[in-house]
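Residue strings, one per chain:
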Amino acid sequence: MTTAHTKQGAGQREWVGLAVLALPTFLVTMDFSVLYLAVPHLTADLAPSGIQQLWIVDIYGFLIAGFLVTMGTIGDRIGRKNLLLIGAAVFGIASVTAAFSTSPEMLIASRALLGVSGAAVMPSVLALVTGMFTDQKQRSRALAIYLTCFMAGLTLGPLVGGVLLQYFWWGSVFLVSVPGIVLLLAVGPFLLPDQKAPDTGKLDPLSVVLSLAAILPSVYGLKELARHGWQWFPAVALLVGIAAGVVFVRRQRHLEHPLLDLRLFGNRTFRSALTLMIVTSVVGTGTLLMVTSYLQNVTALTPLAAGLLLVVPNVLMIIGNLGTPPLTNHVRPAYLITGGLLVAAAGYLIFTLATPTSGPATIVIAMCVAMLGTGPLAALCNQLAMGAVPPVKIGSGAAIVQTTNEFGLGLGIATLATLGNAVYRSNINDALSTVPAGAAYAARESIDRAVAAAGHIAAEQGGDLLAAARDAFTSGVHVVGIASAILYACLAVLALRTFKHVPTSADTDDATDNDKQIHTRSGAPSSERRSHAKI
């Protein structure tokens, strides 16, 4: 009897759809960083207070983090394409409103709306990509492209903002996303598939409130404690967030249709992939802050020069990310991720070779090695996590993945960056006995303030202070590098133990093809395919 053997996979429509989905991915992530260089310009125009200025910058990320879980679940209920298009439309409107804001309050409200709509877009894109590509090889490649767009948005945001501000007013940094949104709205309805989970039940409003009460205060508390040190209000906010999170989890366990299905965490592959992602986010954010400060304050590079140099490690991470999917045909994901993590750990150990006088080369080389080694994990962890999620929960799974990354970003500032600055403060104290009290106080706060204070005291004292501050901060960089290397070595062990059962893409495809052939010959129902394949 002839066996029907047709390979199911994505066609031209799906790949063009992926190109369309790349637009919102790039634009939403670019909005995280595109505003940074525009802050002085909008401050001169709108004259916001210090608190208003902080909210203009931070509220976008806060609300994205807060609404991801809710939006992922809504996408499962109303359809992921529908939520994506609604979110994109609101994002475009909010971008125009932000660009032409005439007051700080109007800009804060526009940025808040951008955050809520961005939270609707991000899990919808990841869920759609996962659902469109069911073949493991194609899904691996598609998710690598998706992640590349995500990283490109973060990387190019400040550069795009700098170019626009060179020729246009500050509002132009918001308008840059509008043409891409218009294109998405024009072609998305025809190219993107309808994906909706059946029998999802009604949305529980109290769960939505509790999720916001858990995430928003927690993210705020982490960022403020990391930024300003111990203060009672952020500490209380963090405790409130934790308490709300406990209540939220208890409620989800008793709901027939929970906002967040906690059973997803029972899957070891899903749980381990999230662990790897959150720790790498912690390390990536913490080390990036230390390296950025080192390049500007120790090696005396301008912000633009430092930013341009740091594009190189990001490009290498993208290369590692895009180069990984073809390797999964021959090498198991566990070995690719583990090998990459060990390479990255070696890169972070190179931090210890940097000195106050070694220039930027050593630290940039260290970042290049670390980012190249992180590429396989970045490429495969999304695939492993989303592959472990039932199809009806893809939207919720995507939201959990991205919420995990958001918390990782905040924890990176609160842990590794704080550790590095603590080492700096401890070492700088020994050199402040001969420095005027005002300069000594400033130097204890941060190396940025130490560099500024050194320029306002006597030349000899300023030189000594500057040398001491740079030496102390370099010691902090060394400690952060060692801590990061240890964390990555631990992750390598976890990846090897947890993912060793995951086969290569070629083995998966062979097993799937054999399964189909046996099913075709026997006429067995789909529920019996696996048992027949083992006979």
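Definitions and limits used
Residues numbered from 1 in each chain as written. Predicted model: local features only at pLDDT ≥ 70, side-chain atom pairs only at ≥ 80, totals over all residues. Heavy atoms only, no water. Helix = DSSP H or I, 4+ residues; strand = E, 2+ residues; numbered from the N terminus. Buried < 20%, exposed > 50% of the residue type's maximum accessible area, 1.4 Å probe, protein only. Contact = heavy atoms within 4.5 Å. Areas by Shrake-Rupley, 256 points an atom, 1.4 Å probe, with all protein chains shown as cover. 1 Å grid on protein atoms, 1.4 Å probe; cavity = no way out; pocket = protein on both sides within 12 Å on 5 of 7 lines; lining within 4 Å. Points joined across faces, edges and corners; volume = space filled by probe spheres on them. Patch = residues over 30% accessible without salt bridge, like charges linked within 9 Å, V, L, I, M, F, W, Y side chains within 5 Å. Salt bridge = Lys/Arg side-chain N within 4 Å of Asp/Glu carboxyl O. Lys, Arg positive; Asp, Glu negative; His and termini not counted. Charge placed at Lys NZ, Arg CZ, Asp CG, Glu CD. Arc of directions from axis to C-beta. pLDDT = per-residue confidence, 0-100. Polar contact = N/O pair within 3.5 Å; in protein donor to acceptor, adjacent residues only side chain to side chain. Axes fitted to C-alpha atoms, helices over the stretch in contact; angles between N-to-C directions. Parallel < 35°, antiparallel > 145°, perpendicular 65-115°, else oblique. Left-handed = near helix turned anticlockwise from the far one by under 90°. Nonpolar A, V, L, I, M, F, W, Y, C, P; charged D, E, K, R; others polar. Phe/Tyr/Trp six-rings, centres within 6.5 Å; stacked < 30°, edge-to-face > 60°.

A few words now on the overall build of the protein. In terms of helices and strands, the protein carries 20 helices and 0 strands. For the protein, with 535 residues in total, the buried portion stands at 53%. By sequence separation, contacts in the protein at least 24 residues apart represent 81% of the contacts at least 6 residues apart. Surface accessibility of the protein: about 22700 Å² in total, with carbon and sulfur atoms responsible for 66%.

In this structure the tally under the stated criterion is 1 cavity of 30 Å³ or more. Of the voids in this model, the largest cavity is the one considered here, and its volume is about 40 Å³. Around the largest cavity, the lining residues are Pro 24, Thr 25, Val 28, Thr 29, Val 121, Met 122, Tyr 146, Phe 150 and Gln 402. At the level of elements, helix 1 (12–33), helix 5 (104–132) and helix 6 (136–167) are the ones that each hand at least two residues to the lining of the largest cavity. It is helix 1 that provides the largest number of residues to the lining of the largest cavity, a total of 4 residues.

The next thing to look at is a positive patch on the surface. A cluster of basic residues, Arg 268, Arg 271, Arg 497 and Lys 500, forms a positive patch on the protein surface. Within the fold, Arg 271 resides in helix 11 (residues 268–298). Judged by relative accessible area, which is 38%, Arg 271 ranks as partly exposed.

Attention shifts here to helix 17 (residues 447–454). Think of an α-helix as 3.6 residues a turn; residues three or four steps apart then line up on the same face. Among the residues of helix 17, Ile 447, Ala 450, Ala 453 and Ala 454 are the ones counted as buried. In a view along the axis of helix 17, the buried residues occupy a sector of 120 degrees, so they form one face of it.

Bringing the confidence of the model for the protein into the picture now. Reading fine detail from the predicted coordinates is not recommended where pLDDT is low. Confidence along the protein averages 78 in pLDDT terms, with 87% of residues attaining 70 or more. Highest mean pLDDT in the protein belongs to helix 13 (residues 333–349) (92); lowest belongs to helix 20 (residues 529–533) (34). Within the model, the stretch residues 1–7 combines pLDDT values under 50 with 9 contacts to residues more than four positions away or in other chains. Low pLDDT (under 50) marks residues 511–535, which in the prediction has 19 contacts with non-local residues, meaning those over four places away or in another chain.

Relative to the helices and strands, Ser 101 is located in the loop between helix 4 (80–99) and helix 5. By relative accessible area, Ser 101 is classed as buried at 6%. Only 2.9 Å separates the side chain of Ser 101 from the backbone oxygen of Thr 97, close enough to count as a polar contact. Only 3.2 Å separates the side chain of Ser 101 from the backbone oxygen of Ala 98, close enough to count as a polar contact. In contact with Ser 101, not counting residues within four places along its chain, are Leu 46, Met 106, Leu 107, Ser 110 and Trp 170.

For any two helices packed against each other, one specifies the inter-axial angle together with the distance between the axes. Two numbers describe how helix 16 (residues 437–445) lies on helix 17: the axes approach to 5 Å, and their chain directions differ by 150 degrees. By the angle class used here, helix 16 and helix 17 are roughly antiparallel. Considering the relative orientation of helix 16 and helix 17, their crossing is left-handed. Residue-level contacts link Ala 439, Tyr 441, Ala 442, Ala 443 and Glu 445 of helix 16 to Arg 449, Ala 450 and Ala 453 of helix 17. Taken together, the residues that form the contact of helix 16 with helix 17 break down as 6 nonpolar, no polar and 2 charged.

Time to look at unusual backbone geometry. Phi is mostly negative for residues that are not glycine, and the peptide bonds are mostly trans. Unusually for a residue other than glycine, Ala 300 sits at a positive phi of about 65 degrees. Along the polypeptide, Ala 300 turns up in the loop between helix 11 and helix 12 (303–327).

This part is about the packing of helix 4 against helix 8 (residues 178–191). Taken N-terminus to C-terminus, the directions of helix 4 and helix 8 make an angle of 155 degrees; their axes are 9 Å apart at the nearest point. Taken together, the axes of helix 4 and helix 8 lie roughly antiparallel to each other. As for the relative orientation of helix 4 and helix 8, their crossing is left-handed in sense. Facing helix 4, whose interface residues are Lys 81, Leu 84, Leu 85, Ala 88, Ala 89, Phe 91, Gly 92, Ser 95 and Val 96, helix 8 presents Val 178, Ile 181, Leu 184, Leu 185, Gly 188 and Pro 189. Looking at the contact of helix 4 with helix 8 residue by residue, the classes come out as 11 nonpolar, 3 polar and 1 charged.

We now examine the environment of Thr 285. In this fold, Thr 285 is placed in helix 11. For the pair formed by Thr 285 and Gly 412, sequence separation is 127 residues and the distance between their alpha carbons is 5.0 Å.

Together, Val 96, Phe 100, Val 163, Tyr 167, Phe 168 and Trp 169 make up a nonpolar patch on the protein surface, roughly 660 Å² of accessible area in all. With respect to the helices, strands and loops of the structure, Val 163 is situated in helix 6. Accessibility expressed as a relative area gives 51% for Val 163, which makes it exposed.

Our next topic: the packing of aromatic side chains. All told, the structure shown has 5 aromatic pairs when counted by the stated rule. Here the aromatic rings of Phe 100 and Trp 169 are separated by 5.6 Å at their centres, their planes lie at 40 degrees, and the arrangement is tilted. Placement of Phe 100 in the loop between helix 4 and helix 5 and of Trp 169 in the loop between helix 6 and helix 7 (172–175) is noted, with a sequence separation of 69 residues between them. Between Tyr 424 and Phe 473, the ring centres sit 6.2 Å apart and the planes meet at 65 degrees, which makes this aromatic pair edge-to-face. Of the two residues, Tyr 424 is situated in helix 15 (residues 394–428) and Phe 473 in helix 18 (residues 459–499); the sequence distance between them amounts to 49 residues. When its relative accessible area of 1% is taken as the criterion, Tyr 424 is described as buried. Judged by its relative accessible area of 1%, Phe 473 is buried. Aromatic ring contacts, followed pair by pair, group Tyr 348, Phe 351 and Tyr 488 into a single cluster.

Let us look at the environment of Gly 157. Checked against the element boundaries, Gly 157 lands in helix 6. Spatially, the C-alpha atom of Gly 157 lies 9.3 Å from that of Phe 26, the residues being 131 residues apart in sequence.

A word on the environment of Pro 390. Here Pro 390 is to be found in the loop between helix 14 (361–387) and helix 15. Residues Pro 390 and Leu 264, 126 residues apart in the sequence, show an inter-C-alpha distance of 8.6 Å.

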